[in-house]
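# A structural walkthrough
The lines below spell out each chain.
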Amino acid sequence: MYDYDLLVVGSANADLVVGVERRPAAGETVLGSDLVVHPGGKGANQAVAAARLGARTALLARVGDDAYGRLLLDSQRAAGVDTVGVLVGGAPTGVALITVDPSGDNSIVVSPGANGRLTPADVRAAGSLFQASTVVSAQLEIPLESVVEVVRSLAEGSRFVLNPSPPRPLPREVLDACDPLIVNEHEAKVILGDAAVGDTPEDWARILLAKGPRSVVITLGGEGALVASAEGVTRVPSVNVTAVDTTGAGDAFTAALAWKLGTGASLADAAAYAARVGAAAVTRRGAQESYPTADEVAAL
């Protein structure tokens, strides 16, 4: 019996958000709204999203010994996340600078801060968390060598989910462990590199599978998602909602999918549920505060 449905290993940032009429071009200054600070970071976002849905969730991350770090810890605990794995100190808390335009699209610059100090030694020291977790989820806002150590720390029988964001080429050891690898169109093309042939998501998925992952999910925004494994390739439709702010929606999708897979759901069913969670999240502003409960997803 596992203690946790999901262990998230990743980043925890303070999101500094400004609304703009349009994003500035190079060398241009535009006026924006008042600054709003939200708890964020892909790892912290995923942990909160899963816990809100009812998953028993733990977070392995690093924050600074500062006000932003306390904000992030408070947000995790309020959502019901076990923060025993959150390390404090070593550098200031990571910060994401985010502009959001009237359509809800965003542009993000991340200063990693303490996230860049989450080391392979920190991962090894958290071995008991890995042994206690059904599914482990990671992203790339922490050092790649730490993600490699996550793969090496997985308990026998547990499942590894990776969203390679921000994208970079991945070692075969990491690709082989992914079940699934979750990418959007941009991330898929970076991972594919010179192998990026074909014009359709189905083509990308088949080539990605050949690189080692046991399964692949490609998110397609308003067109839904595509799931691929040895059993074949399936499209998952989107849910029609009016987007207010897309910040953190991909993290909610990944968390929901990872949790559902751990309950025994098929990849297609887990992705369909995750699409509903992501759709609910974009109807509210912010990242973590936009994440729905299971009842709110059911009512969508």
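Keep in mind it's a predicted model, so treat the numbers as computed, not measured.

Attention shifts here to the overall build of the protein. In terms of helices and strands, the protein carries eleven helices and 13 strands. For 300 residues, the compact-globule formula gives about 19 Å, and the C-alpha radius of gyration of the protein, at 18 Å, lands near that figure. With the C-alpha coordinates of the protein rotated into their principal frame, the extents come out at 50 × 45 × 40 Å. In the protein, which comprises 300 residues, the share counted as buried stands at 54%. Once local pairs closer than 6 in sequence are excluded, the contacts in the protein between residues at least 24 apart make up 65%.

What follows deals with helix 8 (residues 201–210). Residues Pro201, Glu202, Trp204, Ala205, Ile207 and Leu208 constitute the buried set of helix 8. On its buried face, helix 8 is in contact with strand 10 (178–183), helix 7 (185–192), strand 11 (215–219), strand 12 (225–229) and strand 13 (232–236). Of the residues flanking the end of helix 8, it is Gly212, one or two places downstream, whose phi is positive at about 135°.

Cis rather than trans, the peptide bond between Ser165 and Pro166 has omega equal to -5°. Mapping Pro166 onto the fold places it in the loop between strand 9 (159–162) and helix 6 (172–177). In the segment running from Asp179 into Pro180, the intervening peptide bond is cis, with an omega of 10°. When you line up the elements, Pro180 lands in strand 10.

Here we take up the environment of Leu129. The residue Leu129 is located in helix 4 (residues 127–131) in this model. On a C-alpha basis, the gap between Leu129 and Ser153 in space is 9.6 Å, while along the polypeptide they are 24 residues apart. The contacts of Leu129, once residues within four sequence positions are left out, are Tyr4, Leu7, Ala58, Val84 and Gly85.

Attention shifts here to the nonpolar core. Residues Leu59, Phe253 and Leu257 are the most contacted members of the largest nonpolar core, which totals 45 residues. Elements represented by at least two residues in this core include exactly strand 1 (4–9), helix 1 (42–53), strand 4 (57–63), helix 2 (67–79), strand 12, helix 9 (249–262) and helix 10 (267–281). With 41 residues, the next largest nonpolar core counts Phe160, Cys178, Val183 and Leu208 among its residues.

With that out of the way, let us pick up the packing of helix 1 against helix 2. Look at helix 1 against helix 2: their axes get within 8 Å of each other, and the N-to-C directions meet at 20°. The orientation of helix 1 with respect to helix 2, classified from their angle, is roughly parallel. Crossing handedness for the pair helix 1 and helix 2: left-handed. Counting all contacts with helix 1, which are made through Ala44, Ala47, Val48, Ala51 and Arg52, the residues of helix 2 involved are Leu72, Ser75, Gln76 and Ala79. Tallied by class, the residues present in the contact of helix 1 with helix 2 amount to six nonpolar, two polar and one charged.

Next up on the list: the packing of helix 7 against helix 8. Between two packed helices, the angle of one axis relative to the other and the distance separating the axes together describe the packing. The interhelical angle for the contact between helix 7 and helix 8, taken along N-to-C directions, is 45°, at an axis separation of 10 Å. Between helix 7 and helix 8, the angle is such that the two are oblique. The two elements helix 7 and helix 8 meet at a crossing, and its hand is left-handed. Taking contact as the criterion, the partners of Glu185, Ala188, Lys189, Ile191 and Leu192 in helix 7 are, on helix 8, Trp204, Ile207 and Leu208.

Procedures and definitions
- Residues numbered from 1 in each chain as written.
- Predicted model: local features only at pLDDT ≥ 70, side-chain atom pairs only at ≥ 80, totals over all residues.
- Heavy atoms only, no water.
- Helix = DSSP H or I, 4+ residues; strand = E, 2+ residues; numbered from the N terminus.
- Rg over C-alpha atoms; globule rule 2.2 N^0.38 Å.
- Buried < 20%, exposed > 50% of the residue type's maximum accessible area, 1.4 Å probe, protein only.
- Contact = heavy atoms within 4.5 Å.
- Core = buried A, V, L, I, M, F, W, Y, C linked by side-chain atoms within 4.5 Å.
- Axes fitted to C-alpha atoms, helices over the stretch in contact; angles between N-to-C directions.
- Parallel < 35°, antiparallel > 145°, perpendicular 65-115°, else oblique.
- Left-handed = near helix turned anticlockwise from the far one by under 90°.
- Nonpolar A, V, L, I, M, F, W, Y, C, P; charged D, E, K, R; others polar.

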